[in-house]
Amino acid sequence: MVNVIYIPPIDVCAKRKIGCSADLTIAVAGLAGYRTKQGADAFQTWLANHALLPYTATDDPLHIGVPLGVQYALGLEPGAPDRSRLPFATDPGTATALSFIRPLPSPLAVRYSVEVSSELDEWHSGDLWTWPETTLDNGDGTETVSVRLRPPGDVADRLFLRLRIIIPSVD
């Protein structure tokens, strides 16, 4: 797997000592099946429709700081992404949440996961770390997904959140 980390400026993270990022993982092996192949083809078609072949999901050909795979998965216009649609942290008072906007329906075979870390070396997800995601239909062909943090009390003042996006690749 290849990892590219995009770290957007998020004020609430700095105030709460919580860092946020979007992590793009390109799955190259281990994801078998027809749906995965269709998903990889859909990404290649998206690249072709935007005259971006032979670039890959980890490339940032216009040097705008957002890899093409992140632009695809979040439904951003390539080359001029709306930064307000990148992952952002919210503080609803009782639990910090990581939110992001994605197309509705989301791109075929793309998987999204919010992960938590206290030291940036080991990342965790699931019921011990976060509450189940909530979604809100924005009425414009997108939805806002929010995942609230449920950290253990002993590390609550020093955590990092990231959005992991998994896109199947064409081998």
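Treat the numbers as computed from the prediction; the structure is a model and nothing was measured. (Residues numbered from 1 in each chain as written. Predicted model: local features only at pLDDT ≥ 70, side-chain atom pairs only at ≥ 80, totals over all residues. Heavy atoms only, no water.)

Enquirer: Sorry, what's going on with the pattern of salt bridges here?
Expert: A side chain with one charge can pair with a side chain of the opposite charge if their charged atoms come near. Tallying each qualifying case throughout the model produces four salt bridges. For the salt bridge of Arg102 with Glu143, the shortest nitrogen-to-oxygen distance reads 2.7 Å. With a gap of 41 residues between them, Arg102 in strand E4 (residues 97–103) and Glu143 in strand E7 (residues 142–148) connect regions that are remote in the sequence. Across the salt bridge formed by Glu115 and Arg164, the nearest N and O atoms sit 3.7 Å from each other. Here Glu115 is found in strand E5 (residues 111–117), whereas its partner Arg164 is found in strand E8 (residues 159–168), with 49 residues between them in sequence. Of the two residues, Glu115 and Arg164, neither departs from the other in class, the shared state being buried. A single salt-bridge network, built from bridges that share partners, covers Arg102, Glu133 and Glu143. (Salt bridge = Lys/Arg side-chain N within 4 Å of Asp/Glu carboxyl O. Helix = DSSP H or I, 4+ residues; strand = E, 2+ residues; numbered from the N terminus. Buried < 20%, exposed > 50% of the residue type's maximum accessible area, 1.4 Å probe, protein only.)

Enquirer: Would you mind going over the confidence of the model for the chain with me for this structure?
Expert: Low-confidence regions, as indicated by low pLDDT, have predicted coordinates that should not be scrutinised in detail. In the predicted model, the chain carries a mean pLDDT of 75, and the fraction of residues at 70 or more is 68%. Per-residue pLDDT, averaged within each element of the chain, yields its smallest value for strand E1 (residues 2–6) (41) and its largest for strand E6 (residues 134–137) (95). Segment residues 1–16: pLDDT under 50, and 46 contacts once partners within four positions in sequence are set aside and those in other chains are kept. (pLDDT = per-residue confidence, 0-100. Contact = heavy atoms within 4.5 Å.)

Enquirer: What is the right way to read the sheet that holds E7 from this model?
Expert: The pairing of strands in a sheet comes from backbone hydrogen bonds and takes either a parallel or an antiparallel form. With antiparallel pairing, the four strands of this open sheet are ordered in space as E3-E4-E7-E6. The two strands at the open ends of the sheet, each matched to only one other strand, are strand E3 (88–90) and E6. Averaged over all pairs of adjacent strands, the angle between their axes in this sheet comes to 30°, without regard to strand direction. (Pairing = 2+ DSSP bridges. Axes fitted to C-alpha atoms, helices over the stretch in contact; angles between N-to-C directions.)

Enquirer: Can you help me understand the side chain of Glu115 in this one?
Expert: With a relative accessible area of 8%, Glu115 lands in the buried category. Among the polar contacts listed, one links the side chain of Glu115 to the side chain of Arg162, at a separation of 2.6 Å. In this view, Glu115 contacts Trp123, His124, Ser125, Phe160, Leu161, Arg162 and Arg164; residues no more than four positions away in its chain are not counted. (Polar contact = N/O pair within 3.5 Å; in protein donor to acceptor, adjacent residues only side chain to side chain.)

Enquirer: What exactly am I supposed to notice about the packing of aromatic side chains here?
Expert: Between two aromatic rings, the relevant description is the distance of the centres plus the angle of the planes. Applying the stated rule across the entire model yields four aromatic pairs. Look at Phe100 and Tyr112: their rings are 5.4 Å apart centre to centre, the planes differ by 20°, and that puts the pair in the stacked class. Here Phe100 is found in strand E4, whereas its partner Tyr112 is found in strand E5, with 12 residues between them in sequence. Put simply, the rings of Phe43, Trp46 and Tyr72 touch in pairs and so form one group of aromatic residues. (Phe/Tyr/Trp six-rings, centres within 6.5 Å; stacked < 30°, edge-to-face > 60°.)

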